[in-house]
Amino acid sequence: MRQLVCPISKDVVDEKITRINALIGILLIITGFVMNSSIFLIVLMADFFMRAFTQVKHSPISYVSHRLSNALNLKEKPTSKAPKVFAARLGFVMSLVIVGLFLAQLSTAAMVVAGMLIFFASLEFALGICMGCIIYTYIVLPFYK
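A short tour of the structure in this document, coming up. (Residues numbered from 1 in each chain as written. Predicted model: local features only at pLDDT ≥ 70, side-chain atom pairs only at ≥ 80, totals over all residues. Heavy atoms only, no water.)

Considerations on the overall build of the chain
On a plain count of helices and strands, the chain comes out with 6 helices and 2 strands. In summary, the chain has a C-alpha radius of gyration of 15 Å against a globular reference of 15 Å for 145 residues, a match within 12%. Over its C-alpha atoms, taken along the principal directions, the chain stretches across nearly 45 × 40 × 25 Å. When the 145 residues of the chain are sorted by exposure, 41% land in the buried category. Sequence-distant contacts, at least 24 apart, represent 75% of the contacts inside the chain between residues at least 6 apart. (Helix = DSSP H or I, 4+ residues; strand = E, 2+ residues; numbered from the N terminus. Rg over C-alpha atoms; globule rule 2.2 N^0.38 Å. Buried < 20%, exposed > 50% of the residue type's maximum accessible area, 1.4 Å probe, protein only. Contact = heavy atoms within 4.5 Å.)

Structure follows, in structure tokens:
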């Protein structure tokens, strides 16, 4: 993991919040498929869009995560914002694909992509491993060298 190169910025976010965001994302995906409702998937996609492409201070999921973090008295752990933004962009693309496949009634394909997103979010939530950094290092960065 020490060889990974992540995008870096001077802006910081609370890692605890990003981990709670990942958990909420997992729950939204599972709920969407269990209830056979695209609404939950669309909410997740819109939230990823806000975190990835806008200057909004708190997306709805981030707002809930902040409230949960405060209620649980979790100590803030600052981390660079850039890798989290890159990961949110990947999450947006993946959730866009999931929504498209779900609405096209290609449920098996939608579940495969959703499974990948759940796996990535689970790594972030449980272990603090950002798949965005791994993808950036081995897929994006070689094109810029």
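Once the structure has been displayed, the description carries forward.
Brief notes about the packing of aromatic side chains
A full pass over the atoms with the stated rule returns 6 aromatic pairs. The interplanar angle of 80° and the centroid separation of 5.4 Å between the aromatic rings of Phe86 and Tyr136 together place this pair among those described as edge-to-face. Residue Phe86 is found in helix H4 (residues 81–103), and its partner Tyr136 is found in helix H6 (residues 131–144); the two are separated by 50 residues along the sequence. Side by side, Phe86 and Tyr136 carry an identical accessibility label, which is buried. Between Phe119 and Phe120 the ring centres are 6.2 Å apart and the planes differ by 55°, which places this aromatic pair in the tilted class. For Phe119, a relative accessible area of 48% puts it in the partly exposed group. By the ring-pair criterion, three or more aromatic residues cluster together here, those being Phe49, Phe53 and Phe92. (Phe/Tyr/Trp six-rings, centres within 6.5 Å; stacked < 30°, edge-to-face > 60°.)

Brief notes about the packing of helix H2 (residues 38–53) against helix H3 (residues 60–71)
Put simply, H2 and H3 touch, their axes get as near as 8 Å, and they point 85° apart. Judged by the angle between their axes, H2 and H3 are roughly perpendicular. From H2, Leu44, Asp47, Met50 and Arg51 reach across to H3, where they touch Pro60, Ile61 and Ser62. Counted by class, the contact of H2 with H3 contains 4 nonpolar, 1 polar and 2 charged residues. (Axes fitted to C-alpha atoms, helices over the stretch in contact; angles between N-to-C directions. Parallel < 35°, antiparallel > 145°, perpendicular 65-115°, else oblique. Nonpolar A, V, L, I, M, F, W, Y, C, P; charged D, E, K, R; others polar.)

Re a nonpolar patch on the surface
A contiguous nonpolar patch, built from Tyr63, Val64, Leu68, Leu72 and Leu74 and spanning about 450 Å² of accessible area, is present on the exposed surface. As for its position among the elements, Leu74 is in the loop between H3 and strand E2 (78–80). Among the residues examined, Leu74 registers a relative accessible area of 36% and is labelled partly exposed. (Patch = residues over 30% accessible without salt bridge, like charges linked within 9 Å, V, L, I, M, F, W, Y side chains within 5 Å. Areas by Shrake-Rupley, 256 points an atom, 1.4 Å probe, with all protein chains shown as cover. Salt bridge = Lys/Arg side-chain N within 4 Å of Asp/Glu carboxyl O.)

Section: the nonpolar core
Of all hydrophobic cores here, the largest spans 22 residues; its most connected members are Ile29, Phe33, Leu41, Leu44, Phe48, Ile98 and Leu117. Elements that contribute at least two residues to this core include exactly helix H1 (15–34), H2, H4 and helix H5 (107–127). Among the elements that line this core, the one with the most residues is H4, at 7 residues. (Core = buried A, V, L, I, M, F, W, Y, C linked by side-chain atoms within 4.5 Å.)

As for the packing of H4 against H6
Look at H4 against H6: their axes get within 9 Å of each other, and the N-to-C directions meet at 80°. As far as their axial angle goes, H6 and H4 are roughly perpendicular. Counted together, Pro83, Phe86, Ala87 and Leu90 of H4 and Gly132, Cys133, Ile135, Tyr136 and Val140 of H6 form the full contact between these two elements.

Focus on H5
Three or four residues apart is the spacing at which side chains of an α-helix point the same way, because the helix has 3.6 residues per turn. The terminal C-alpha atoms of H5, which comprises 21 residues, lie 29 Å apart, in line with the 30 Å expected from a rise of 1.5 Å per residue. Taken together, the buried positions of H5 are occupied by Ala110, Val113, Ala114, Leu117, Ala121, Leu123 and Glu124. Taken together, the buried residues of H5 touch H1, H2, H4 and H6. One or two residues past the end of H5 sits Gly128, with phi positive at roughly 70°. (Expected span 1.5 Å × (residues − 1).)

Honestly, it's all geometry; don't read function into it.
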